Amino acid sequence: MSDGPLQVAGQVLSTKRVGAYHHLTLVAPGIAERTRPGHFVALATGGPDSGLTLRRAFSIYKVDTRGVYGGTVEVVLAVHGAGTAWLAVQHPHTPVDVVGPLGRPFSLPKDTQRGVSATLVGGGYGSAPLFALAEALRSRGCRVDFVLGAASADRLFGVLDAKRMASTVAVTTDDGTAGTRGRVTDVLPEVMAAAHSDVVYACGPMAMLQAVTAVAARRGVVAQCAVEESMACGIGVCMTCVLPVVGDDGQTRMVRSCVDGPVFPGDRVRWDDVGTVPAGTVGAPVAGGH
Amino acid sequence: MSDGPLQVAGQVLSTKRVGAYHHLTLVAPGIAERTRPGHFVALATGGPDSGLTLRRAFSIYKVDTRGVYGGTVEVVLAVHGAGTAWLAVQHPHTPVDVVGPLGRPFSLPKDTQRGVSATLVGGGYGSAPLFALAEALRSRGCRVDFVLGAASADRLFGVLDAKRMASTVAVTTDDGTAGTRGRVTDVLPEVMAAAHSDVVYACGPMAMLQAVTAVAARRGVVAQCAVEESMACGIGVCMTCVLPVVGDDGQTRMVRSCVDGPVFPGDRVRWDDVGTVPAGTVGAPVAGGH
Amino acid sequence: MSFHVRTVEPPRVEAPHIDLTARLGDVVLPNPVLTASGCAAAGRELAQFFDVADLGAVVTKSIMLAARSGRATPRMAETASGMLNSIGLQGPGIDAFLEHDLPWLHEHGARTVVSIAGGSVEEYAELARRLRGAPGMLALEVNISCPNVENRGLVFACDPDAAAAVVGAVRRHTAPAVPVLAKLSPDVTDIVSIARACVDAGADGLSMINTLLGMALDLDTMRPVLAGVTGGLSGRAIKPVAVRCIWQVHAALPQVPILGMGGVASGRDAVELVLAGASAVSVGTAIFHDPSAPVRVLAELTEVLDARGFTTLADAVGHAHRQ
Amino acid sequence: MSFHVRTVEPPRVEAPHIDLTARLGDVVLPNPVLTASGCAAAGRELAQFFDVADLGAVVTKSIMLAARSGRATPRMAETASGMLNSIGLQGPGIDAFLEHDLPWLHEHGARTVVSIAGGSVEEYAELARRLRGAPGMLALEVNISCPNVENRGLVFACDPDAAAAVVGAVRRHTAPAVPVLAKLSPDVTDIVSIARACVDAGADGLSMINTLLGMALDLDTMRPVLAGVTGGLSGRAIKPVAVRCIWQVHAALPQVPILGMGGVASGRDAVELVLAGASAVSVGTAIFHDPSAPVRVLAELTEVLDARGFTTLADAVGHAHRQ
Ligand SMILES: Cc1cc2nc3c(=O)[nH]c(=O)nc-3n(C[C@H](O)[C@H](O)[C@H](O)COP(=O)(O)OP(=O)(O)OC[C@H]3O[C@@H](n4cnc5c(N)ncnc54)[C@H](O)[C@@H]3O)c2cc1C
Ligand SMILES: Cc1cc2nc3c(=O)[nH]c(=O)nc-3n(C[C@H](O)[C@H](O)[C@H](O)COP(=O)(O)OP(=O)(O)OC[C@H]3O[C@@H](n4cnc5c(N)ncnc54)[C@H](O)[C@@H]3O)c2cc1C
Ligand SMILES: Cc1cc2nc3c(=O)[nH]c(=O)nc-3n(C[C@H](O)[C@H](O)[C@H](O)COP(=O)(O)O)c2cc1C
Ligand SMILES: Cc1cc2nc3c(=O)[nH]c(=O)nc-3n(C[C@H](O)[C@H](O)[C@H](O)COP(=O)(O)O)c2cc1C
Ligand code: FES
Ligand code: FES
């Protein structure tokens, strides 16, 4: 039990608008100590008599083990549907049940690999888990470069954080309201070349992860991708969050992104087949079978 | 349309604890102007994604047509289940959809009947609608006496209001924590005798209303009773709030308390049969029929 | 601190760029939003909140031959995102309905779908006869979720033959220009077979879904909450069942118009039922939450269709089957 | 400003003054709270939040003979107070289950009810044979809400004969000391007749209810949300249907133990099912909202029973029928 997730009766400490997003700080002691970069939390939303049943998953942006009111967890959220809309407007002291840390975090280069050059790619709020990752990498002597992209300037998150930590920060927006007009993958090859990247870490929309994986592969580098699949429980019991992933044995399985991910080696995810059960997947229906 | 109920997108102005109750003030312009003593409002509870579907009914305690932020409506609520629990903890500005004023108010003595002596009996939060009534009666030159009862001192509401308005105020509590230990009907005969009551107005639990009706009847006086039946809509469309009431033609009908009440002449309500369809009710099932 | 509040205005229901005309058999409605039977009484109370003539039509509380007291109270229980009711078809009987209710609706410009209920095939037939030629009646909705007193109280809607017998009798006694809609219960193993039986018996359209049979216990009395023991479950909780039933029946009988209902509380909900195959939609329990729900749903539905590029409602009906 | 927060502790489950012993056929459980099949995987993940041995039993995700990939995603949609799922019985197959999952549960002191599913009577029978004598298996739950591949995909649970055939075959191949529970679907016209058929075929008890068939459309794609088109509706929304089904079956077959489920999210919900006739209760969808729901429900149930003066759970079973 000791290093698994906790369930904590947390409370809102503060909510703050940041561009198009909401930066939510929760008092949730105990979680900070266990968190590693890439972990996520699953929050219950809507309050006591809510019609909302399922948890909402958010990457952990920051943790603090020594907050004035106890350990805190910070997340960055975009209002999407009912649950995020509720979270965005809660007053301090609103109770929020927190389960975390969840999932498999990013793999860090082995301690011995000092000097590794890591390129971190974030799309929209997908940058949130990358700052703690950057710190961890830096403390291991890695070089860190950031590529941050979004649809528009207000949907970029953490450019200043990145500048504080990274050797270089490249910014792209689809509409050109900040940085280079275009996609992260338009600038990624250049950044990787300049930094002599050994590893890429990426978090953002699925299409971005697929594209980043391809760009990295062209340089012989594996991208560690934090995926975002629709989740009902976040803890591995419901089987809703699966995607087709190739195992060490070469076989494709429908794998739970909440416990076996959210971070996967990009070259193992069958990006084109997400949302299907590809033929040949272990247990896939066979013609004439069930 | 002009003098019927309105539906107003209101907001919480303030909530305040008063003994065991919560005094809730809503900004809901337009409703004040139409309200008469005995009217109620039906509030939507739980917020946007709530699992709560049905409206909650509350007697109108006070209205103000000229609040700083627009007309206001005040209610006094006891936390009972999910909807009242929600209302009790809302912050200022929380949107609350208000429908009102609803129901048939108390009948006032005709203007010509100056000098009428009215005894007002309130049980628990049931006193809430009686203060506006007392003012209306006073402005018509009526004598007003109050009997306020509750389980315990913290469940009395408005004793000071009553003292400000009434010739006499008698207080009872079941546990003796304030006033006379006992029921309102223990002191009512005495109050009515001293005041030479011509009319009784009562609001409170059904058992109290029945007992008050009986006491009043013994003095040849009709008690106007504001009943509290479980309501789903409050506006007369659902047929959930019925009780057996005897009409002018002597026939019993299942009558909607939200539109034909909540105020009924006590002698018309078949108190013993509430919760049943008494034999002989118009349209009641007959043996061998449906 | 400033407070902005407003009276809830009946939203404007016009959207000239979308043709909202809805068809239920031979009847054409100006728009596809109706009330659900039993959730709008006979229109009068809702007229305090909006103009009932703005709706596609008002569907009246199911009327029986004789006056009915309905059941004892409690008649309702709130449940998660829904409610149970056991009203027991309280109503004034067909004579008073024809004298007071239908004329009021007619005078106020409302199109009316009259819902009827009975305990025997003959009672339904007699109701249809009495209603023949009633001014203002646009269509008949046959509530067959009633116990058949002649067959051990078995609910008509649960048996294809009994359902067909009722629908056939009503159809025979109703003017040909007046569509007869059979209102189906979801509490059956195979709703398509019931739908088919009703259509074969002459139903011009199908209303679905009626409430699901449910129940709640009171933990204080430790008895059923409802005096009637079981009751009908309605509200947002049941929308997924409504969508499924409409989808299945529209897939099997694409030519048969469906009046959809079950948990519609917003324009998005209404459009969901339309895309699944409903030609028009009734708003029920949502009215208890929001008395202006029907006109709000209509305004929202118009926006939702517009945002998706539909120029006529008809194109959206059953669209999810064709995508 | 001060913040008081706490780690959600597994509530203490002891209440020495109430005998919580629950009976399902010949099997005696220390308490009546179980997990629902498919909502707790095979126990491992929940063991991070509480001791799985504290539950009455763990009911495993339905297992089939072969490994199954399940359906494509999306596999779920949230609905008002509920959810739809269409997982498609993803699982490792019986061999891996017997090798890894059941032993894990056994080692961790969990009592296990193994849920099985199949596409034919023979598949169910074969599963029962394989499970015979498996250590740690306390009872078998037969998920008959599966399409019968040999009969046009008709769901076993919707037909008394097909249901009986499955239950009979499983019963014959299962050790007599291991109770066989038939898990019923609410999507039938007459659940009592299905219940009776299963009992006549040898079921020692009944689990009810499985999910209701439902569906949701995505207004952006204008297609079904679920890759599997329709899905199972579960969660608080369906509790009134569960209470009604349990009530009806317990009234008809008072001697047959019922494992109740459907929308249980609190001790009050659990007691409601018990008063209606359930001998024990499974917690399903609520786990997704609150991973410690099963132990919380158990603690709350104990309090609720205590507050009402019950000294044994057994007295509460079906109590609302006797009041
Ligand atoms: C590992 C992970 C990390 C995430 N990190 C962040 C983050 O840092 N910031 C942020 O804004 N969002 C993040 N998301 C997405 C976030 O979970 C969804 O936006 C959110 O669940 C939507 O909830 P809703 O109530 O607003 O929408 P609804 O559509 O009402 O949600 C309904 C249900 O679907 C699920 N769901 C819907 N969309 C998603 C989605 N994209 N991913 C997972 N579940 C979904 C919800 O959890 C809920 O159960 C993350 C998702 C995952 C899986
Ligand atoms: C005309 C009228 C005036 C009232 N005035 C007041 C008042 O001034 N102060 C006050 O505290 N309470 C008043 N009540 C009672 C108040 O409406 C209920 O306490 C409240 O609805 C309970 O809601 P809940 O969500 O807390 O309980 P729940 O039990 O969760 O309510 C579930 C459903 O049952 C209905 N319901 C439950 N109890 C009652 C009840 N006693 N009366 C009507 N509906 C009920 C609710 O409206 C809701 O639809 C009044 C009731 C009526 C009919
Ligand atoms: C209080 C109430 C009374 C109802 N009365 C009737 C009725 O008289 N006849 C009928 O056909 N349906 C009746 N219904 C069912 C509704 O018309 C509708 O089919 C069902 O409630 C589902 O829609 P909803 O979820 O929008 O309410 C009633 C429903 C409720 C809630
Ligand atoms: C995601 C999910 C998966 C399920 N899988 C199974 C299953 O494999 N076998 C089964 O018999 N029931 C399955 N069920 C049904 C549940 O066991 C239960 O009967 C139903 O969900 C009602 O209970 P609830 O409302 O507490 O969830 C599943 C339900 C859900 C939500
Ligand atoms: S979200 Fe439930 S298994 Fe992954
Ligand atoms: S509360 Fe709906 S008719 Fe009275």
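So, here's what we can say about the structure. Keep in mind that what you see is a predicted model, and the values were worked out from it rather than measured.

What counts and what doesn't
Residues numbered from 1 in each chain as written. Chains lettered and ligands numbered in written order. Predicted model: local features only at pLDDT ≥ 70, side-chain atom pairs only at ≥ 80, totals over all residues. Heavy atoms only, no water. Near = heavy atom within 4 Å. Polar contact = N/O pair within 3.5 Å; in protein donor to acceptor, adjacent residues only side chain to side chain. Nonpolar A, V, L, I, M, F, W, Y, C, P; charged D, E, K, R; others polar. Areas by Shrake-Rupley, 256 points an atom, 1.4 Å probe, with all protein chains shown as cover. Helix = DSSP H or I, 4+ residues; strand = E, 2+ residues; numbered from the N terminus. Phe/Tyr/Trp six-rings, centres within 6.5 Å; stacked < 30°, edge-to-face > 60°. Buried < 20%, exposed > 50% of the residue type's maximum accessible area, 1.4 Å probe, protein only. Expected span 1.5 Å × (residues − 1). Contact = heavy atoms within 4.5 Å. Salt bridge = Lys/Arg side-chain N within 4 Å of Asp/Glu carboxyl O. Buried area = accessible area lost by both parts, 1.4 Å probe. Pairing = 2+ DSSP bridges. Disulfide = S-S within 2.5 Å. Axes fitted to C-alpha atoms, helices over the stretch in contact; angles between N-to-C directions.

Describing the site of ligand 3
Close to ligand 3 lie 23 residues; C:Ser37, C:Ser62, C:Lys183, C:Gly263 and C:Thr285 are nearest. Mapping the residues adjacent to ligand 3 onto the chains of the assembly identifies chains B and C. Residue C:Ser62 places a side-chain N or O atom 2.6 Å away from a nitrogen atom belonging to ligand 3. One nitrogen or oxygen atom from the main chain of C:Gly263 is found 2.7 Å from an oxygen atom belonging to ligand 3. Class assignment for the residues of the shell around ligand 3 results in 8 nonpolar, 13 polar and 2 charged.

Points about the site of ligand 1
Taken together, 23 residues are adjacent to ligand 1, and A:Ala57, A:Gly81, A:Gly83, A:Thr84 and A:Glu228 come closest. This site is not confined to one chain, since residues near ligand 1 come from chains A and D. Between ligand 1 and the protein, one listed contact pairs a nitrogen atom with a backbone N or O atom of A:Met231 at 3.3 Å. Here ligand 1 loses 87% of its free accessible area of 810 Å² to cover by the protein chains. At the level of elements, strand 4 (56-59), strand 6 (72-77) and helix 2 (82-88) of chain A together with strand 6 (76-79) of chain D are the ones that each hand at least two residues to the shell around ligand 1. With 4 residues, strand 4 of chain A is the largest single contributor of residues to the shell around ligand 1. Broken down by class, the residue content of the shell around ligand 1 amounts to 12 nonpolar, 6 polar and 5 charged.

Describing the packing of aromatic side chains
What the rule picks out here adds up to 14 aromatic pairs over all chains. Between A:Tyr61 and A:Phe131 the ring centres are 6.0 Å apart and the planes differ by 85°, which places this aromatic pair in the edge-to-face class. One end of the pair, A:Tyr61, is in the loop between strand 4 and strand 5 (62-64); the other, A:Phe131, is in helix 3 (residues 130-139), with 70 residues separating them in the sequence. No difference in accessibility class separates A:Tyr61 from A:Phe131, as the two residues are buried. Ring centres 5.5 Å apart and planes at 90° place the aromatic pair B:Phe106 and B:Tyr201 in the edge-to-face group. Residue B:Phe106 is located in the loop between strand 7 (95-102) and strand 8 (117-123), and its partner B:Tyr201 is located in strand 12 (residues 199-203); the two are separated by 95 residues in the primary sequence. An identical accessibility class is assigned to B:Phe106 and B:Tyr201; each is buried.

Some details on helix 5 (residues 184-195) of chain A
Residue and element names in this part refer to chain A. End to end, helix 5 covers 16 Å across 12 residues, agreeing with the expected 16 Å (1.5 Å per residue, within 8%). Each element contacted by the buried residues of helix 5 is listed here: strand 8 (117-123), strand 9 (143-150), strand 10 (168-173), strand 11 (180-181), strand 12 (199-203) and helix 6 (206-218). Once helix 5 finishes, His196 follows within two positions and takes phi at roughly 50°, a positive value.

Points about the pattern of salt bridges
Applying the stated criterion across every chain, the model contains 44 salt bridges over all chains. Residue A:Arg268 pairs with A:Asp248 through a salt bridge whose shortest N-O separation is 3.0 Å. With A:Arg268 in the segment after strand 16 (263-265) and A:Asp248 in the loop between strand 14 (242-246) and strand 15 (252-256), this residue pair connects regions lying 20 residues apart in the sequence. Judged by relative accessible area, A:Arg268 falls into the partly exposed class, the value being 28%. With a closest N to O distance of 2.6 Å, B:Asp97 and B:Arg55 form a salt bridge. Placement of the pair is B:Asp97 in strand 7 and B:Arg55 in the loop between strand 3 (40-43) and strand 4 (56-59), with a sequence separation of 42 residues. By relative accessible area, which is 4% here, B:Arg55 ends up buried.

Some thoughts on the interface of chain A and chain D
In this complex, chain A contributes 48 residues to the contact, which on the side of chain D involves 44 residues. Overall, the association of chain A and chain D removes approximately 3,900 Å² of surface from exposure, summing both partners, and the carbon and sulfur fraction of that is 61%. Considering only the side of chain A, the residues that lose the most area to chain D are A:Gln7, A:Thr53 and A:Val237, jointly responsible for 17% of the buried surface there. Our count for the contact surface shared by chain A and chain D stands at 2 salt bridges. The interface formed by chain A and chain D includes 13 residue pairs in polar contact (both at pLDDT 80 or more). When contributions to the side of chain A that touches chain D are tallied by element, the ones reaching two or more residues are strand 1 (6-18), strand 7 (95-102) and strand 15 of chain A. Broken down by element, the residue count for the side of chain A that touches chain D peaks at 8 residues, all from strand 1 of chain A. Tallied by class, residues from the side of chain A that touches chain D come to 27 nonpolar, 16 polar and 5 charged.

Let's talk about the side chain of A:Asp145
All names here are of chain A. Residue position: Asp145 is located in strand 9. In terms of polar contacts, Asp145 uses its side chain to reach the side chain of Thr168, at 2.6 Å. Sequence-distant contacts of Asp145, defined by excluding residues within four places in its chain, comprise Ser117, Ala118, Thr119, Leu120, Ala166, Ser167, Thr168, Val191 and Ala195.

Some words on the sheet that holds strand 13 (residues 223-226) of chain A
All names here are of chain A. Spatial ordering of the open sheet is given by 11-10-9-8-12-13-16, a layout of 7 strands whose pairing is mixed. Only two strands of the sheet have a single partner each, and these edge strands are strand 11 and strand 16. Looking at chain direction, strand 10 and strand 11 are connected through 2 bridges and run parallel. Paired with Thr173 across the strands is Arg181, a residue of strand 11.

Here we look at the pairing of strand 7 of chain B
All names here are of chain B. In terms of residue burial, strand 7 counts as a mostly covered element, since 6 of its 8 residues are buried. Bridging between strand 1 (residues 6-18) and strand 7 involves 6 bridges; their strand directions are antiparallel. Bridge pairing in strand 7 links Leu6 to Gly100.

Overview of the state of the cysteines
Applying the stated criterion across every chain yields a total of 0 disulfides over all chains. The thiol sulfur of A:Cys142 is not disulfide-bonded, and the nearest other cysteine sulfur, from A:Cys225, lies at 18 Å.

Notes on the sheet that holds strand 7 (residues 82-85) of chain C
The strands that make up a sheet are held in pairs by hydrogen bonds between backbone atoms, and each pair lies either parallel or antiparallel. A sheet is described by the order of its strands in space; here 4 strands give the open sequence 6-7-17-14 (chain C), paired in antiparallel fashion. Only two strands of the sheet have a single neighbouring strand rather than two, namely strand 6 (76-79) and strand 14 (212-215) of chain C. Here the average twist between neighbouring strands, direction ignored, is 35°. Inspection of the sheet shows strand 14 of chain C paired to strand 17 (residues 230-234) of chain C by 4 bridges, in the antiparallel sense. Within strand 17 of chain C, the residue paired with C:Leu212 across the bridge is C:Leu233. Packing of helix 5 (residues 239-252) of chain D onto the sheet brings it into contact with strand 6, strand 7, strand 14 and strand 17 of chain C, and relative to strand 14 of chain C it is tilted by some 80°.

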